[in-house]
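# Coordinate inspection notes
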Amino acid sequence: MELLPRGPAEFGSARYWDRFFRQRGRRPFEWYGAFPELCPVLRKYVRPRDKVLVVGCGNSELSEQMYDTGMCEDIVNIDISDAVIRQMQERSASKRPKMSYVLMDVLQMDFPDAHFQVVLDKGTLDAILTDDEEATLSKVDRMFAEVSRVLQVGGRYLCVSLAQAHVLKKAVEYFSQEGWVVRVHEVAGSGDKQQFVLPVFVYVMTKFRKIPGSAQQILEICPEEQDKPMRMESAERLVEAVRDRQHYALLCSQLSKTPCGEQLSLDLCEKVSGRPRYTLHVVDSPSVKPSRDNRFAIFIIPQGRETEWLFGTEDGRRQLATSAGFGRLVTVALHREQRYEGMASIQAELSGKVMELAPPGLPARQQVPFLSVGGDIGVRTVRHCDTSPLSGEYVVEDVKGDDACYFRRLVFLSNRNVVQSEARLLAPAKSPSGPAEPPTAIDKSYLCCEHHKAMVAGLCLLGSPDPVPGSPIAVLVVGLGGGSLPLFIHDYFSQAHVAVVEIDPCMLEVATCWFGFSQGDRMQVHVADGLDYVAKLAAEAPARYDAVMFDVDSKDLTVGMSCPPPAFVEKPFLQKVKTILKPEGVFVLNLVCRDARLKESVLAVLREVFPLLYARRIDGEVNEILFCQPSPAGRRDPTELGARARVLEGALQQPGRPWDSSYVLADMLQAVTII
């Protein structure tokens, strides 16, 4: 402990370093970055005939190893500590005649201008730039000016550093403004021998003559796993890229020492474009008793299934890891913008990187299994992509689900982990001449979304003694999406007249072109703001609808409620909704709210407007379907609602009409609670 300085300022004191090296003795002291790790980078920029200056050499073996391996012999080492200079002169005088050690301060050197091809700094800048005080920055400016003065044009300043943000920012800004080319290399770690959790970097500043009036800056980074540098658009972006590498190193260090209590996630990006290619979640299962063969596994989520509960939620991934029987499971989601050749190529691409996330105690060279559903990476085909002025970028894609079924999905890229609309595709007839083509026709009898099934079941609350699908009903649906909900009501309730309000004309086009939606005598779409449309109806046509359904997403992702937008659940507007309902009608609301306090306030407002309120939670989802009625006289207990649902379900199942056997209306209503 007595070797540590009393304060950062002592790092610049000759007296401190004399005392340090006397107490340490002759044992070499390497701050960080041993020669075997630095050698691959140094060989790129140090030539055998270069004249090299090592500033702040200390008693590091770096210069000696460069000399002994033939990398370079004409090396001058300087330091402000007389004790260490004398020590190093004794150590190398007879063995390395072309290398010298000189007592000199890097802030005021005696060498002539343009005397060296390389200036090598291993930790000296880090030791001097301990804070961003004016005196410290002035000292660093003097150091950089001296380095610049003694380097030839085309020469390289190689700075080995831990790349603290203020150190890197200062170096990059100074030399890039001088017209130098700046490149930052991440040094490959040395495994268990590495003394520092943080990675070591080498700044390579190549001196060019400054061109008056030129603002062009060349800033690059070379991550340890690749030789080709990546161009950065600004000093800020370069500092940010280095910080990302440091955070990743800290994450790997944490994961290698202890199990993680919380699930950790990270993106692995393309080298050239920087776009995410894989999203990884690290899930530890304390309940799994570890053995040699069940410590660690990688699970590749089939394309298009990353939004499913099992793969897209923390609880789902925890269940997946437990059922798979591994102490640590890394789930890997594939991105729709990327192309993948197959499981073997993904395994080859990920093997090196995922091993950095291995749990503590994993035996060396342990074979780590790659798992998936059915052993393949799934199928995702993008059918259409476009940009809506209201909804932003979106894609329509076909994905392969369980049991070889295909589904068509609408996804807004502003919230790419949420499926906006989904429809099952009809399996094509098998061709006797070869394999069947992927399906393209929409199965209109199938409701993919559980919350849509619950919303349809809410029609059992209508006031007639027995719910009959042939009875005339008027239904208003606000929010079209792919059109599955209004289509199902139109097709299965033969006397239903359905009006749909959709604010985004692009969504009407998507529903029509890609989801089999169509308008007719009993189905009309009004392209309008739902708030304005309902307000107009309340003024002109009260008590018009048997059912009003809201299935509207919010574009504001900062609010803890993603469905509906907050304005749709304000009291004055809800009173307008009540006005357009018939006395025994039902208002059905799809509520998606993660903010518990906000959700309670929404329920309180609903109770003020609607005396009768039922709630149906959707298993495995955040959605909660609320059934609101304007009169308490229609109150029914869940058992009675279940009986009404069975009557309606029997009437809906007519000969020659397809029916999804998994859709049980009674199950939807028997689980409601009255709030």
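Scroll up to find the structure this text is about.
The residue numbering used here restarts from 1 in each chain and proceeds along that chain's sequence as written. Per-residue local features are limited, in this predicted model, to residues with pLDDT of at least 70; the limit for side-chain atom pairs, both in listing and counting, is 80 or more; totals at the level of whole chains, interfaces and linings are taken over all residues. Hydrogens and water are ignored here; the side-chain numbers use all heavy atoms of the structure.

### What about the sheet that holds strand β7 (residues 201-206)?
Stated precisely, the cut-off is as follows: Pairing between two strands is assigned when DSSP locates at least 2 bridges connecting them. Numbered from the N terminus, helices here are DSSP runs of H or I no shorter than four residues, and strands are runs of E no shorter than two. Lines fitted to the C-alpha atoms define the axes, with helices restricted to the stretch that makes contact. Angles between their N-to-C directions range from 0 to 180 degrees. Contacts are residue-level and defined by heavy atoms, with any inter-residue pair within 4.5 Å sufficient.
Sheet architecture is open: nine strands sit in the order β3-β2-β1-β4-β5-β7-β6-β8-β9, paired in mixed fashion. Unpaired on one side and paired on the other, β3 (100-103) and β9 (230-232) mark the two borders of the sheet. With strand direction ignored, the average angle separating the axes of adjacent strands in the sheet is 20°. Bridge analysis of strand β4 (residues 116-122) against strand β5 (residues 151-161) gives six bridges, and the strand direction is parallel. Residue pairing for β5: Asp121 is matched across the bridge by Cys159. Running at roughly 140° to β5, helix α6 (residues 134-150) makes contact with β1 (52-55), β4 and β5 of the sheet.

### What about the packing of aromatic side chains?
For clarity, the cut-off: The aromatic pairing rule takes the rings of Phe, Tyr and Trp, using the six-membered ring of Trp, and pairs them if the centres are within 6.5 Å, calling planes under 30 degrees apart stacked, those over 60 edge-to-face and the rest tilted. Relative accessibility under 20% of the residue-type maximum defines a buried residue, over 50% an exposed one, and the middle range a partly exposed one, all with a 1.4 Å probe and only protein chains included. Here, a charge over a ring is recorded when the distance from Lys NZ or Arg CZ to the ring centre is within 6 Å and its angle to the ring normal is within 35 degrees.
According to the stated counting rule, one finds 16 aromatic pairs in the structure shown. Measuring from centroid to centroid gives 5.5 Å for Phe550 and Phe568, while their planes differ by 90°, and the two rings are edge-to-face. Highlighted residues: Phe550 in strand β22 (residues 545-550) and Phe568 in the loop between β23 (561-563) and α16 (571-580), separated in sequence by 18 residues. With respect to class, Phe550 is no different from Phe568; both count as buried. Through pairs of rings, three or more aromatic residues link up here, namely Phe144, Tyr157, Tyr174, Phe175 and Trp180. Positioned above the aromatic ring of Tyr446 is the side chain of Arg424, whose terminal nitrogen or guanidinium carbon lies 3.8 Å from the ring centre.

### Considerations on the packing of helix α12 (residues 450-457) against helix α13 (residues 484-492)
Just so we agree on the cut-off: In these notes the angle categories are as follows: under 35 degrees is roughly parallel, over 145 is roughly antiparallel, 65 to 115 is roughly perpendicular, and the rest is oblique. Helix crossings are classified by the rotation of the near helix relative to the far one: an anticlockwise turn of less than a right angle makes the crossing left-handed, while a clockwise turn makes it right-handed.
Where α12 contacts α13, the two axes come as close as 10 Å, and the packing angle between them is 40°. With respect to α13, the axis of α12 lies oblique. Crossing handedness for the pair α12 and α13: right-handed. For the pair α12 and α13, contact is made by His452, Met455 and Val456 and by Ser484, Leu485, Phe488 and Ile489, respectively.

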